[in-house]
Amino acid sequence: MELEELLSVGWKEVVTASKQRKHPFHTATYATLSAFGPESRTVTLRHASELEEGGWELGFNADIRSPKALQSKNDAPVTWLFYSFPHKLQVRVWGYSRVHYQNELAESIWNDMQLLSRRCYLAPLAPSFEVSEATSNIPELLRDREPIEEESVPGYQNFCVVRTRVSQIEVLKLEFEGAWRAKYTPDSATWLAP
Ligand SMILES: Cc1cc2nc3c(=O)[nH]c(=O)nc-3n(C[C@H](O)[C@H](O)[C@H](O)COP(=O)(O)O)c2cc1C
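Analysis parameters
Residues numbered from 1 in each chain as written. Predicted model: local features only at pLDDT ≥ 70, side-chain atom pairs only at ≥ 80, totals over all residues. Heavy atoms only, no water. Core = buried A, V, L, I, M, F, W, Y, C linked by side-chain atoms within 4.5 Å. Buried < 20%, exposed > 50% of the residue type's maximum accessible area, 1.4 Å probe, protein only. Helix = DSSP H or I, 4+ residues; strand = E, 2+ residues; numbered from the N terminus. Contact = heavy atoms within 4.5 Å. Salt bridge = Lys/Arg side-chain N within 4 Å of Asp/Glu carboxyl O. Patch = residues over 30% accessible without salt bridge, like charges linked within 9 Å, V, L, I, M, F, W, Y side chains within 5 Å. Areas by Shrake-Rupley, 256 points an atom, 1.4 Å probe, with all protein chains shown as cover. Phe/Tyr/Trp six-rings, centres within 6.5 Å; stacked < 30°, edge-to-face > 60°.

Draft legend 1. Molecular detail of the nonpolar core. Residues Val-14, Leu-58, Trp-80, Phe-82, Val-91, Val-93 and Ile-169 are the most contacted members of the largest nonpolar core, which totals 30 residues. Going through the elements one at a time, helix H1 (3–19), strand E1 (27–34), strand E4 (56–63), strand E5 (76–84), strand E6 (89–100), strand E7 (159–175) and strand E8 (178–185) are the ones with two or more residues in this core. Other than its neighbours up to four places away in sequence, Leu-58 contacts Trp-11, Val-14, Leu-45, His-47, Ala-48, Trp-80, Phe-82, Val-93, Val-162, Arg-163, Thr-164 and Val-166. One finds Ala-106, Trp-110, Met-113 and Phe-159 within the second-largest nonpolar core, a separate group that totals seven residues.

Draft legend 2. Here's a closer look at unusual backbone geometry. Even without a glycine there, the phi angle at Lys-88 is positive, about 50°. Relative to the helices and strands, Lys-88 is located in the loop between E5 and E6. Residue class for Lys-88 comes out partly exposed when judged on its relative accessible area of 46%. With a phi close to 60°, Asn-137 is a non-glycine residue in the positive phi region.

Draft legend 3. The arrangement of the pattern of salt bridges in detail. Applying the stated criterion across every chain, the model contains ten salt bridges. Note that Glu-57 is salt-bridged to Arg-163, the shortest N-O span being 3.7 Å. Here Glu-57 is found in strand E4, whereas its partner Arg-163 is found in strand E7, with 106 residues between them in sequence. Side by side, Glu-57 and Arg-163 carry an identical accessibility label, which is buried. The partner of Glu-149 in a salt bridge is Arg-118, and the shortest N-O contact between them spans 3.4 Å. Here Arg-118 lies in helix H4 (residues 115–118) and Glu-149 lies in helix H5 (residues 149–152), a separation of 31 residues in the sequence.

Draft legend 4. Expanded view of a nonpolar patch on the surface. Taken together, Met-1, Trp-180 and Trp-191 make up a surface patch of nonpolar side chains, about 270 Å² in accessible area. Turning to its location among the elements, Trp-191 is positioned in strand E9 (residues 188–191).

Draft legend 5. Quick look at the packing of aromatic side chains. A full pass over the atoms with the stated rule returns eleven aromatic pairs. Pairing Tyr-30 with Phe-60 gives two aromatic rings, centres 4.7 Å apart and planes at 65°, and the pair type is edge-to-face. One end of the pair, Tyr-30, is in strand E1; the other, Phe-60, is in strand E4, with 30 residues separating them in the sequence. The pair Tyr-30 / Phe-60 is uniform in exposure class, with both members buried. Centroid distance Trp-80 to Phe-82: 5.9 Å. Interplanar angle 10°. Geometry classified as stacked. Comparing Trp-80 with Phe-82 shows no difference in burial state: the two are buried. Grouped by ring-pair contacts, the aromatic residues Phe-25, Tyr-30, Phe-60, Trp-80 and Phe-82 constitute a single cluster.

See the structure below:
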């Protein structure tokens, strides 16, 4: 195995997963820093690309009111974690996030979004708001159907896109004879002891 080959093995699966709902990497663990320490949660990988100027970028969609969005502003340090049992592969990613809200990028992703997905952003309560009774946080009118285009429009106020500029990727590939492990930055690469 060559050093650059291991990166291709890991990154190829990340890119595939951003387009394939059933890929094990399609949902990932995304961690941020809150005032109280690290916080991790599952997010849906919507975007993975190589940047023209070198390096990589990952992205997901969120409610602008959610803790994860608040903790992803202004080049906030974050990590992503991907694991696939069938691929015997772990990819760890470090980077800096930004929130895109009511800009060209957010608008184009919102315009392409299915109406059922837009329904999440019509939640009357801010995500993670403490409530006295269990709630789906979906407007009552829309609990059993998707919104029509017109009904979905107010959701745009709550919608944002989070993008992470990747500073480091670590790939761990498990094999019967042992494991391959290496880390990469946009301008360096090195093997690591597994
Ligand atoms: C399979 C799965 C996929 C999820 N995808 C997203 C997502 O893409 N964006 C998002 O904001 N929350 C997503 N969530 C919900 C978050 O994991 C989390 O529970 C919730 O949004 C609260 O996170 P926060 O309080 O840290 O902001 C997903 C949850 C699961 C189980």
